[in-house]
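This is what each chain is made of:
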Amino acid sequence: MAPARHADSEAHRRPAARSSDRDTSPDVYTNTEADNYPGAKERTRPGSDPSEKVYERVVDANGNPVSLKPVNRAFLRGPALRAAHSARVEAEARARAERAERQSRQSSSSSSSGSILRTLLLATLFLPLLSSFLTGSYTFNLSPLIVPRVSNWWRTTPLNPRRVHLVELTPLQLAAYDGSDAAKPVYLGIGGEVFDVSKNRRVYGPGGSYHMMAGRDASRSFITGCFETHLTHDLRGLSPEQLQGCFTRQSSRSPAQSLDQWIAFFRNNPKYPLVGKVLLPPIDPRSPIPPPCDGSAEHADTKAAKAHGQGQGQGQGQGQGQRPGPVKAGQ
């Protein structure tokens, strides 16, 4: 019986020893003898080391608490990155759709513009042929009306690098251009505008039949033909027809013209370019109106027509000829 008791006592002692060994065995947070070497760090539990950094805990997209330590931040940013990527893809798709729509509108606009240009090109080629067939000219006989206006516009437009800069002259300054000085051009004023008539110096210069009109604005005498008392810009007493209308008089002699018709004649005459304006002084309303000359308005009109006809009809020629009209701007 003694050996049996001895076996029982050994069996009781053996579990007690294992329990004691389990209580005293080291865990993963405790250094073992193998960790005791120079430079080894002491193992500690998470959060127990004063130098250990504690990270904030947040909830991820699945509702799980997660620490904000660096290794987890990429995963936590995943939903935001995916949302930004989706927004960027949608924005790029909208931009592509808008660009395609804009290109479609531009192509349609270009096609319509191209058709308009083709139509204009065909009309440009066809109209001169039609004009030549109907009228014998390529411009429907409109060149005398169109070319001078375009030429005058081009002379003074800022688009022309060699444009003419218009000047402003006082009556005293304008008087210096009456042709007395051969080194200066001959200027003529009408309706406040100044034209260079130097190409007809023989008529407008000293000794010419129209010299009294040079170096001044004698608008009134263009209508009345009074070259002694009406060499002034005073237009009082003249009818609207004489100033602006198509002023004609039933007579066997040459018809008179309105002031606007005379101004249009000089504007449309390529020989007499516009050079500027004259700063006319105001007319004193208390001063007397220039009286009619020779007692006959019709005779005065005819006299003006003859005088200007001598000056304009032959240009640099003989000084005798027909009185020009505004419709003959090329004369």
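Nothing here was measured: the structure is a model prediction, and the numbers come from that model. (Residues numbered from 1 in each chain as written. Predicted model: local features only at pLDDT ≥ 70, side-chain atom pairs only at ≥ 80, totals over all residues. Heavy atoms only, no water.)

Draft legend 1. Looking closely at the overall build of the protein. Counting secondary structure elements, the protein contains nine helices and six strands. For the protein, the residues scored as buried account for 27% of the 331 residues in total. When contacts within the protein are restricted to residue pairs at least 6 apart in sequence, long-range pairs at least 24 apart make up 54% of them. Accessible area for the protein stands at about 22,100 Å²; split by element, carbon and sulfur atoms hold 57% of it. (Helix = DSSP H or I, 4+ residues; strand = E, 2+ residues; numbered from the N terminus. Buried < 20%, exposed > 50% of the residue type's maximum accessible area, 1.4 Å probe, protein only. Contact = heavy atoms within 4.5 Å. Areas by Shrake-Rupley, 256 points an atom, 1.4 Å probe, with all protein chains shown as cover.)

Draft legend 2. Focus on the sheet that holds strand β3 (residues 167-169). A sheet is described by the order of its strands in space; here four strands give the open sequence β3-β6-β5-β4, paired in mixed fashion. Taken across any chain shown, the strands that pair with only one partner, and hence form the sheet edges, are β3 and β4 (187-190). Neighbour to neighbour, the strand axes of the sheet diverge by 35° on average, direction disregarded. Looking at chain direction, strand β5 (residues 193-196) and strand β6 (residues 274-278) are connected through three bridges and run antiparallel. Following the sheet pairing, V194 is matched in β6 by G276. (Pairing = 2+ DSSP bridges. Axes fitted to C-alpha atoms, helices over the stretch in contact; angles between N-to-C directions.)

Draft legend 3. View of the pairing of β6. Bridge analysis of β3 against β6 gives three bridges, and the strand direction is parallel. In the sheet register, V167 faces β6, and the bridge partner there is G276.

Draft legend 4. Seen up close, the pairing of β4. Judged by which residues are buried, β4 turns out to be covered on both faces: Y187 and G189 on one side and L188 and I190 on the other are all buried. As defined by bridge partners, β4 adjoins β5 across four bridges and the pair is classed as antiparallel. Following the sheet pairing, L188 is matched in β5 by F195. Between β4 and β5, which pair antiparallel one after the other, the connecting turn spans two residues, and G191 there sits at a positive phi close to 60°.

Draft legend 5. Structural view of the pattern of salt bridges. Here the structure, examined in full by the defined rule, presents four salt bridges. Measuring nitrogen to oxygen at the nearest pair gives 2.9 Å for the salt bridge that ties D234 to R236. The partner of D284 in a salt bridge is R286, and the shortest N-O contact between them spans 3.4 Å. On the basis of relative accessibility, which here comes to 34%, the residue D284 falls in the partly exposed class. (Salt bridge = Lys/Arg side-chain N within 4 Å of Asp/Glu carboxyl O.)

Draft legend 6. Main features of the nonpolar core. Ranked by size, the top nonpolar core spans 22 residues in total, and within it L188, I190, Y204, M213, F222 and F266 carry the most contacts. Looking at this core, the elements that each hand over two or more residues are β4, α5 (201-204), α6 (219-224) and α8 (259-267). Per-element accounting of this core gives the leading share, five residues, to α8. The residues contacting L188, other than those within four sequence positions of it, are E193, V194, F195, V197, Y204, M213, R216, F222 and F266. Counting six residues, the second-largest nonpolar core is a separate cluster that includes Y187, V194, V275 and V278. (Core = buried A, V, L, I, M, F, W, Y, C linked by side-chain atoms within 4.5 Å.)

Draft legend 7. Expanded view of the packing of aromatic side chains. One pass over the full model with this rule turns up twelve aromatic pairs. For the ring pair Y210 and F227, a centre distance of 6.1 Å and an interplane angle of 90° mean the geometry is edge-to-face. Placement of the pair is Y210 in the loop between α5 and α6 and F227 in the loop between α6 and α7 (240-243), with a sequence separation of 17 residues. For the pair shown, Y210 and F227 are each scored as buried. Here the aromatic rings of F222 and F266 are separated by 6.0 Å at their centres, their planes lie at 90°, and the arrangement is edge-to-face. Placement of F222 in helix α6 and of F266 in helix α8 is noted, with a sequence separation of 44 residues between them. (Phe/Tyr/Trp six-rings, centres within 6.5 Å; stacked < 30°, edge-to-face > 60°.)

Draft legend 8. Local environment of the side chain of S131. Inspection of the secondary structure puts S131 in helix α2 (residues 70-135). S131 has contacts with G136, S137, Y138, T139 and F140, leaving out every residue within four places of it along the chain.

Draft legend 9. Summary view of the environment of G78. Along the chain, G78 turns up in helix α2. Separated by 17 residues in the primary sequence, G78 and A61 have C-alpha atoms spaced 9.2 Å apart.

Draft legend 10. Layout of a nonpolar patch on the surface. Together, F126, L127, F133, L134, F140, L142, L145, I146, V150, W153, W154 and L159 give the surface a local cluster of nonpolar side chains, amounting to about 1,300 Å² of exposed area. Where the nonpolar patch is concerned, the elements lending two or more residues are α2 and α3 (143-156). When residues in the nonpolar patch are grouped by element, the largest group, five residues, is from α3. Among the secondary structure elements, W154 is positioned in helix α3. (Patch = residues over 30% accessible without salt bridge, like charges linked within 9 Å, V, L, I, M, F, W, Y side chains within 5 Å.)

Bear in mind that shape data such as this cannot, by itself, settle questions of function.
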